[in-house]
Each structure stands twice: as C-alpha cells, then as structure tokens.
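Coordinates in review
These are the residues of each chain, in order.
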Amino acid sequence: MEKLVITGGTPLKGEISIIGAKNSAIAIIPATLLCNGICTLHNVPNIIDVKLSCEILEQLGSKITWIDTNSLLIDNRNINKTHAPLDLTSKFRASYYLIGAMLSRCKEIEVGLPGGCNLGARPIDQHIKGFEALGAVANLSQGKINVKADKLVGTNIYMDIVSVGATINVLLSSIFAEGTTTIDNAAKEPHIVDVANFLNSLGADIRGAGTDLIKINGVKALKENVTYSIVPDQIETGTFMLAAIASKGDLTIKNCIPEHMDSLTSKIIEIGGNVEAYGDVIHVWSSNRPQKTVIKTLPYPGFPTDLQPQMGVVLSIADGTSIINESIWESRFQYTAELNKMGARITAQGKSAIFEGVSHLTGAPVYATDLRAGAALVIAGIIANGTTEIYNLKHIDRGYENIETKFSKLGAQIKRIVE
Ligand code: EPZ
C-alpha cells in the first residue's frame, strides 16, 4: 500500500508549470476514433485515467505509443471491435465518450456502465437522449450499455441539465450525422471548447463551442492526420492557486489560461489573497489569514465543483464562518469528515457545508475519498502542524501527474512511501 507522508508548515514558494487537462485528454483520446488515421497529441497528462483510456482504445484495435512523457501517437487505422472490455470501461467515468465516438465511427458500441469518483448519482440520461434524437437505439442491461444506429441524422437537441459529459458525447456522435445538429443549453467548460477545437482541426464543422448553443454541420469524413496540444488543466491550476493561499505562499503558475480561472480569482481576492495574471502566467500569493465567504458551485463560468474541496481547506482555516453550497454533485463533502480529523470544524449536510474557521489544522492519518478530495487533503497536510498521512492514493493518481514531485519543488515536505 502506498501513502503520502507530509510534514506541514512550509509556505509554498516558487514556479510550477501546468500540464494538459485531464478532463480534456480523456475526451480527446476517444475522439481520435473519428480519425481513420494517426493523431499526435501533446501536453497529455501522464495519469492513470489517460492510461486507462489508451488501454481501452488498444482493445478496440488502436496502436498507441508514448513518444515522450506527455505526447501520444494514436494510430486508429485498424479498429476492429465494437465491444469494449466491460472490466476496463466500468472502471472510470469517461469511458462513456467511447459511445459517442464509436457511434460516429462504426454505428455501434457496447461498454460497461461508467464508474469513476463516488460523488452521488451519476445518470447518463442526457447522453442517451442525445444519441436517440440523432437516430440511435440504446439498450441498458446487466451493467452494460449497447448503442447502435442505422444512420445518424442531425436534429435540435435541448439538454435538460447542463452536462459536460452529455455535451461532449452528443458532439462526438453528431460529427458525421446528416445535416445540422444543434445542442442547446450546452455546457461551456474549457474542455468542451478543446474537444471542439481538436475535432475542427481534423476537419469537423462545429461552431459555438464555449457558448450554450453549439451547432454541428455534419461532414462526410475527417482528415487522416492531426497534431494537437491539449489545453492546460483549469483544475490543476486552481489546485496550486488554492495551495498558495492556504499556505500563505507565493507561486508563479506557468502554462495556464488565466481567463479560465476568473471565478476562482475573484473569490481569492474576496477572501484577501492576491492574484496577478499576464499572458499564460498567474502569480498568486498571500500573507494573511483568509477571510470567510459564501460559495456556490456552478457549471462554467461559475465556481467549479472540482475546486470545491480544495477551497474547503482554505475556508477551514479562514477567519469567520463560511458556507459552501454544492449544486452539481450530491455527495461531494466526504472530505470534510477527513478534515475534521485534522481539527477542522465543518458541518456538512446534503449539498451544503458550514465551515467554522479554526486557527490551524493538525496532521492526522486521512483517507482520500475521491480525486479532488485527495488534492484537498494534500493541501491540508501542507498547512497542518505535524505529520499527515494520506491513504487511498489511487484516486489522486487518476488525475494529478506526480503530485508529490510538483509540491516538493515548491518547498512542501511530502514523500510517497510504499508500505
Ligand atoms: C465532468 O463529469 C467531470 N468528469 C467531473 O470531474 C466534473 O465534476 C463534472 O464534469 C462537472 O464539471 C469528466 O470530465 C470525466 P456532468 P460529468 O455530466 O460529465 C447531472 C473530476 O474531479 N447529469 O456535467 O459526469 C449529474 O448527475 C471530475 O475531475 C444528469 O442528470 O458531469 C450532475 O449533477 C469528477 N444526467 C450534473 O448533471 C446526465 O445525463 C453535471 O454532470 C448527465 C449529468
């Protein structure tokens, strides 16, 4: 078993470079299936979820090579299966992107019902609504989903809920549909724009990605070669920004997109931190105890749910009582019980939590309940008095590349230990 051992108390200082976005990479890797040729992807995060995505594509016939630590060459000229291995696909959430991609490529796909972080109910009804509107038939049984179509025909699709996954999936399945597809009430996250940019660079005709109305004019075929670089990770950027504020540190974060961080930047300034942005660099620092605030997570450009736990750590040591309302996931406050083991005073009930700020956290053994909870506990360990041991690292490794190496370079005393 592996654990992270952190001796807290050092303010983070220095420079860090952000890698490509996990949630973009795990959509773009299946999106390469629309290309009957070779895709070269740069700025790919070297993380477990990306490796799983590659493994699944390989089972369908892709040939995938890491050409360096963060670049992949994906050759999809020999896709020869439409049934993806259930054990692999049910391990993580983004396997649902195979449905949209393979519907476009082969008009059929069978995958295990998607797994992933346990954040409460994670239905895929909006994905299915989109596939069916385009003319596909979906069957769910015995933990798997089979989706097929004789042909896909463009139509107008209104999403009842703003969903990142459903927006990307319907986008993937509509690229070759006859005529025009519109997705209304679409999600606007940076990785939606990134997936659309990737597909457009292959010759797709997608307009409006990044707004709530996306229009896709069906094309007959895509190019057989593309080189593309994944957008910097908004959530990794935010994780380091919040680590700087929590530790009263001073970080220069490079290779990021400051505009993607606007909602977080505003909150950081509101609670007394400092942020300056120039080009693709964010300078973030603080020398004071954070102030209390109220936060509600929302789809982009609102405050991201994927930064809610990391912000929770900052508010756990704020001056005064803060409230977080989580509007996306039912069960994203599991980390608060772990923070309470470290001396925090947080009361979570349903989709709200009250943070009574304490003067400091104290190191303790804690358990990463999901990916961003794990990142939050790393920040908590870095600011706590004494030693924190974090268990269940498989969640953290799903989404952060070399988290301990990156934080060590900034002065954190953090080690991975194999027991
Ligand atoms: C993506 O999940 C991300 N995962 C999540 O990141 C992120 O928290 C989430 O978007 C919101 O930003 C990936 O990209 C793989 P949704 P996704 O569909 O696409 C409801 C992380 O830590 N809904 O936007 O699954 C759903 O229950 C992870 O990196 C339906 O009701 O999220 C939720 O309440 C965790 N029906 C809301 O919509 C549907 O068909 C938003 O979900 C689909 C979703």
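See the structure printed just above.
Computed from a prediction, not measured in an experiment: that's the story for all the values here.

About the thresholds
- Residues numbered from 1 in each chain as written.
- Predicted model: local features only at pLDDT ≥ 70, side-chain atom pairs only at ≥ 80, totals over all residues.
- Heavy atoms only, no water.
- Helix = DSSP H or I, 4+ residues; strand = E, 2+ residues; numbered from the N terminus.
- Rg over C-alpha atoms; globule rule 2.2 N^0.38 Å.
- Buried < 20%, exposed > 50% of the residue type's maximum accessible area, 1.4 Å probe, protein only.
- Contact = heavy atoms within 4.5 Å.
- Areas by Shrake-Rupley, 256 points an atom, 1.4 Å probe, with all protein chains shown as cover.
- Lys, Arg positive; Asp, Glu negative; His and termini not counted.
- Charge placed at Lys NZ, Arg CZ, Asp CG, Glu CD.
- Disulfide = S-S within 2.5 Å.
- Near = heavy atom within 4 Å.
- Polar contact = N/O pair within 3.5 Å; in protein donor to acceptor, adjacent residues only side chain to side chain.
- Nonpolar A, V, L, I, M, F, W, Y, C, P; charged D, E, K, R; others polar.
- Domains from an automatic or database assignment.
- Pairing = 2+ DSSP bridges.
- Phe/Tyr/Trp six-rings, centres within 6.5 Å; stacked < 30°, edge-to-face > 60°.
- Expected span 1.5 Å × (residues − 1).

**A word on the overall build of the protein**
Scanning the protein for helices and strands turns up 14 helices and 23 strands. Relative to the compact-globule value of 22 Å for 419 residues, the protein shows a C-alpha radius of gyration of 21 Å, a close match. Its C-alpha atoms put the protein at 65 × 45 × 40 Å along the principal axes. Within the protein, the proportion of its 419 residues that are buried is 59%. The contacts of the protein with a sequence gap of at least 6 include a subset with a gap of at least 24, amounting to 72%. Carbon and sulfur atoms form 49% of the exposed surface of the protein, whose accessible area is close to 15,500 Å². Computed over 38 positive and 41 negative side-chain charges, the inter-centroid distance for the protein is 1 Å.

**Focus on the state of the cysteines**
Taken as a whole, this structure holds 0 disulfides when the rule is applied. Free of any disulfide, Cys39 has its nearest cysteine sulfur in Cys35, 3.7 Å distant.

**Regarding the environment of Gly100**
Relative to the helices and strands, Gly100 is located in helix 4 (residues 97-106). Taking relative accessible area as the criterion, Gly100 reaches 0% and is therefore assigned buried. When the C-alpha positions of Gly100 and Ile145 are compared, they lie 12 Å apart, and in sequence the two are 45 residues distant. Residues in contact with Gly100, not counting those within four places in the same chain, are Phe131, Asn169, Leu172 and Ser173.

**Here's the deal with the site of the ligand**
Taken together, 25 residues sit near the ligand, with Gln126, Ser163, Val164, Asp306 and Ile328 positioned nearest. Residue Asn23 places a side-chain N or O atom 3.2 Å away from an oxygen atom belonging to the ligand. Within the backbone of Ile328, one N or O atom sits 2.6 Å away from an oxygen atom of the ligand. Taken by itself the ligand offers 830 Å² of open surface, and the protein chains cover 92% of this. Among the elements of the structure, helix 1 (22-31), helix 5 (125-133), helix 6 (164-174) and helix 12 (371-383) are those that each provide at least two residues to the shell around the ligand. Of the residues assigned to the shell around the ligand, the class counts are 12 nonpolar, 6 polar and 7 charged. Looking at which domains feed residues into the shell around the ligand, each of domain 1 (2-19 + 232-418) and domain 2 (22-229) supplies at least three.

**Some details on the environment of Gly143**
Position of Gly143 relative to the elements: it lies in the loop between strand 7 (137-141) and strand 8 (144-148). Note: C-alpha distance between Gly143 and Leu113 (30 residues apart in sequence) is 5.5 Å. Other than its neighbours up to four places away in sequence, Gly143 contacts Gly112 and Leu113.

**Thoughts on the pairing of strand 7**
By the bridge criterion, 5 bridges tie strand 7 to strand 8 in an arrangement that is antiparallel. Looking at strand 8, one finds that Val137 is bridged to Lys148. Two successive antiparallel strands, strand 7 and strand 8, enclose a turn made up of 2 residues, where Gln142 displays a positive phi of approximately 45°.

**So, the packing of aromatic side chains**
Applying the stated criterion across every chain, the model contains 4 aromatic pairs. Judged by centre distance (6.3 Å) and plane angle (40°), the ring pair of Phe333 and Tyr335 falls under tilted. Across the pair, exposure class does not vary: Phe333 and Tyr335 are buried alike.

**Some remarks on helix 2 (residues 48-60)**
Compared with an ideal rise of 1.5 Å per residue, which puts 13 residues at 18 Å, helix 2 spans 19 Å between its outermost C-alpha atoms and is within 8% of the ideal. Against the buried residues of helix 2 lie helix 1, strand 4 (63-68), strand 5 (71-75), helix 3 (86-89), helix 4 and helix 13 (394-399). Once helix 2 ends, the next one or two residues include Gly61, with phi positive near 120°.

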